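The primary structure of each chain is shown beneath.
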Amino acid sequence: MQKNPVLPAHSSLVAIGDSFTEGMSDLRPDGSYRGWADLLAARMAARTPGFRYANLAVRGKLIGQIVEEQVDRAVAMRPDVITLVGGLNDTLRPKCDMVRVRDLLTEAVERLAPACEQLVLMRSPGRQGPVLERFRPRMEELFAVVDGLAERHGALVVDLYGAPSLADPRMWDVDRLHLTAEGHRRVAEAVWQTLGYEPEDTGWRTPIPATLPPGWVARRVADARFTRQHLLPWIGRRLTGRSSGDGRAPKRPELLPYEA
């Protein structure tokens, strides 16, 4: 007789990281961000009464800031599950010390892994285009570190980088840096399945159906809007040493019962 599979029973989740985990650009009607971590928490809460959730992620944070500002707080909460996604902002900087990124990520994992039942790491998604090609070597170097740390510390790795669906430019917002609501939904599904829950969408990796590409004029208009609204402000922050997350508090700083 075949036995029924043992299903996970996680009672708490803490998510740490940058804008990807904060939920940009998955906007709610009130202008706040939802994102994959909130979606994941909602699913886990539906299965487990009293489920608790905290999201310490803040947009723009580098791995050093994540270690300094978020890791100790997550460790003190002692949740069942901790998700850590960080380091990608570092790889996008012109002057990136990958040895320092590796050392800081290693420090984070060494502190987080003993503080929870399951640590979850990710190979972040990459949007097709010139930005990905320019920074691909650094990203893949970062992901190699993630894979090695996961093997040594018993962490799970969610491979979003290898998912064709998430490379599609249509899964990315107009800023070309953050996923759309559909992209975040697929990430939540990926983490859900990696944690051992029964799939709700077995095709989250499957690309969306092809459509006719926009015409030349539409592409140039989109490029101009992107440059004006997103690229130039991003460059300005880099030149002045500012971050989009300066002075911003986490949206769910305490490990409390989940409420949508």
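Read on for a plain summary of the structure. All values derive from a computational prediction rather than experimental measurement.

Once that is clear, we can look at the overall build of the protein chain. Summing up its helical and strand segments, the protein chain has nine helices and six strands in all. A total of 260 residues make up the protein chain; the buried ones form 48% of that total. Partitioning the contacts of the protein chain with sequence separation of at least 6, the portion at a separation of at least 24 is 76%. Within the structure as shown, the protein chain displays about 13200 Å² of accessible surface, and the carbon and sulfur contribution to it stands at 55%.

Quick look at the pairing of strand β2 (residues 52–55) now. Pairing between strand β1 (residues 12–17) and β2: four bridges, direction parallel. Bridge pairing in β2 links L13 to Y53. Sheet topology places β2 next to strand β6 (residues 252–257); three bridges connect them, and they run antiparallel. Note that in β6 the partner of R52 across the bridge is P257.

This next bit is on the nonpolar core. The biggest cluster of nonpolar side chains holds 35 residues, and the ones touching the most others in it are V14, I16, L84, L105, L112, L119 and L121. For this core, the elements supplying multiple residues, two or more each, are β1, α3 (63–77), β3 (81–85), α5 (98–112), β4 (118–123) and α6 (130–153). Judged by nonpolar contacts, the second largest core, of 31 residues, contains W172, L179, Y197 and W204.

Basis of the calculations
- Residues numbered from 1 in each chain as written.
- Predicted model: local features only at pLDDT ≥ 70, side-chain atom pairs only at ≥ 80, totals over all residues.
- Heavy atoms only, no water.
- Helix = DSSP H or I, 4+ residues; strand = E, 2+ residues; numbered from the N terminus.
- Buried < 20%, exposed > 50% of the residue type's maximum accessible area, 1.4 Å probe, protein only.
- Contact = heavy atoms within 4.5 Å.
- Areas by Shrake-Rupley, 256 points an atom, 1.4 Å probe, with all protein chains shown as cover.
- Pairing = 2+ DSSP bridges.
- Core = buried A, V, L, I, M, F, W, Y, C linked by side-chain atoms within 4.5 Å.

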